[in-house]
Amino acid sequence: MQIISCFCNCVSGIIYRVSMLILNKTAGVFFKPSKRKVYEFLRSFNFHPGTQFLHKIVLGIETSCDDTAAAVVDETGNVLGEAIHSQTEVHLKTGGIVPAVAQQLHRDNIQRIVQEALSASRISPSDLSAIATTIKPGLALSLGVGLSFSLQLVGQLKKPFIPIHHMEAHALTIRLTNKVEFPFLVLLISGGHCLLALVQGVSDFLLLGKSLDIAPGDMLDKVARRLSLIKHPECSTMSGGKAIEHLAKQGNRFHFDIKPPLHHAKNCDFSFTGLQQVTNKRIMKKEKEEGIEEGQVLSSAADIAATVQHTMACHIVKRTHRAILFCKQRDLLPQNNAVLVASGGVASNFYVRRALEILTNATQCTLLCPPPRLCTDNGIMIAWNGIERLRAGLGILHDIEGIRYEPKCPLGVDISKEVGEAAIKVPQLKMEI
Ligand code: KG4
Ligand code: ZN
């Protein structure tokens, strides 16, 4: 009885919508609901577009570092289901990611996380168009868990497999949340990566610069650990970067001065090791002054957090500024309203975003950032990258024989030497953040 009444509701709803379309047409009004709206509408009646209209739906799986994540996303960018298990709290206690521990946690959680994402989506696995999984770059042991689980699933469900480059996924996430056309400039700043690239297509990147040593998130994690922020009552469960951002709000960034790294190198490369070492020295000096041991929280921890965050932001802005000028000089980006996308865990930092906004305002560009939860690792970005690749017909595998994960893998064509040779001088910006 209930099924019949539900069916009648669906049918009457559709008849109503179709008659509205006809009415609008006859009245001379062109009422054209977006594809996304139509699918949302159909889903409200428990209609699943995947089955009814052979609409593209991808399951995305991410295990490249310390998050086990999965999501089901459709071709209009609707997130049908998602689930994530973060290992942050475990790794905070061990003072950094221990690869074997990360691997075991991925093994313990992957089945449940994928099942949760699929159940939340209310679609049958047989309705998936493909399974997309991060296979590069990342921690070997972590990548291995996601890949072997995915290949098993691909075999069971007889679905195409789409191998995903983690950084490509971070770069394209913005096209799920905003209407952004190619080309655009992307700044990817996370715990494992730091790069500037021109995105010309789904899998068409020009690498303009990268970190010569560690990534900014790694630097922040190390500084947070050295400051023992896990013992600070307000930050005990936060990632290092998040803890620094939180504490920096209470600090004075003028308390001491650190010179931004690579000041004289006229390229778009980054460096964060020097900043970490100078900060460590400063912490040791403060410990002596305050008469405390390493492992206790300094009273000046907030000032140190504010200074390191500000110096990092200025360094990131300077390199990005040069990348904008280079792309405009070579007509790789439009002169006006070029788009700068910032993503990756460190791009969820609002101080960094405000610093980048000063830059985009000064260069007639538009800054776009995914919401913080889509800046850090997640399954949605992997599923969306799968949709982008399905639409472009790129890298869809029907035969998974010989597929391997790759812990190291560059993104795009490296033109950073050419950028350095251009030696573009960057005008000074007033960084009043
Ligand atoms: O993108 P992500 O989740 O993983 C990688 O691919 O690395 O980034 C994690 C990194 C960590 O280093 C974390 O400390 C940093 O992003 N992070 C932040 C913030 N939230 C996370 N850094 C600065 N400010 C934040 N609010
Ligand atoms: Zn990431």
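So, a few notes on the structure that sits alongside this text. (Residues numbered from 1 in each chain as written. Chains lettered and ligands numbered in written order. Predicted model: local features only at pLDDT ≥ 70, side-chain atom pairs only at ≥ 80, totals over all residues. Heavy atoms only, no water.)

## Regarding the packing of helix 9 (residues 216–226) against helix 10 (residues 240–248)
One way to put it is that helix 9 packs onto helix 10 with a least axis distance of 7 Å and a crossing angle of 70 degrees. Relative to helix 10, the element helix 9 is oriented roughly perpendicular. Between helix 9 and helix 10 the crossing geometry is left-handed. In contact with Leu220, Asp221, Val223 and Ala224 of helix 9, helix 10 contributes Gly240, Gly241 and Ile244. Looking at side-chain class alone, the contact of helix 9 with helix 10 contains four nonpolar, two polar and one charged residues. (Axes fitted to C-alpha atoms, helices over the stretch in contact; angles between N-to-C directions. Helix = DSSP H or I, 4+ residues; strand = E, 2+ residues; numbered from the N terminus. Parallel < 35°, antiparallel > 145°, perpendicular 65-115°, else oblique. Left-handed = near helix turned anticlockwise from the far one by under 90°. Contact = heavy atoms within 4.5 Å. Nonpolar A, V, L, I, M, F, W, Y, C, P; charged D, E, K, R; others polar.)

## A word on the sheet that holds strand 2 (residues 67–74)
Pairing is mixed in the open sheet, where five strands are placed in the order 3-2-1-4-5. Strands with a single pairing partner mark the edges of an open sheet, and in this sheet they are strand 3 (79–86) and strand 5 (161–165). Averaged over all pairs of adjacent strands, the angle between strand axes in this sheet comes to 20 degrees, irrespective of strand direction. With seven bridges connecting them, strand 2 and strand 3 associate as antiparallel partners. Across the sheet, the residue bridging to Ala70 is Ala83, located in strand 3. Of the strands in this sheet, strand 1 (57–62), strand 4 (130–136) and strand 5 are in contact with helix 6 (residues 140–157), which crosses strand 4 at around 160 degrees. (Pairing = 2+ DSSP bridges.)

## So, the coordination of the zinc ion (ligand 2)
In this structure, His166 (NE2), His170 (NE2) and Asp377 (OD) serve as the protein donors to the zinc ion (ligand 2), at separations of 2.1 to 2.2 Å. Coordination at the zinc ion (ligand 2) is irregular: its four donor atoms span angles of 92 to 153 degrees at the metal. Spacing between the donor residues of the zinc ion (ligand 2) along the chain follows H-x3-H-x206-D. With His166 and His170 both in helix 7 (residues 166–172) and four residues apart, the pair spans about one turn of that helix. Relative accessible area serves as the criterion here: at 1%, His170 is assigned to the buried category. (Donors = N, O, S within 2.8 Å, 3.2 Å for Na, K, Ca; no water. Tetrahedral: all angles 85-135°; square planar, octahedral: opposite > 155°, others 65-115°. Buried < 20%, exposed > 50% of the residue type's maximum accessible area, 1.4 Å probe, protein only.)

## So, unusual backbone geometry
Glycine aside, residues mostly have negative phi angles, and peptide bonds mostly take the trans form. For the bond running from Phe182 to Pro183, omega is -5 degrees, close enough to zero to count as cis. Among the secondary structure elements, Pro183 is positioned in the loop between helix 8 (174–177) and strand 6 (184–189). Even without being a glycine, Ser228 presents a positive backbone phi close to 55 degrees. Among the structural elements, Ser228 can be located in the loop between helix 9 and helix 10.

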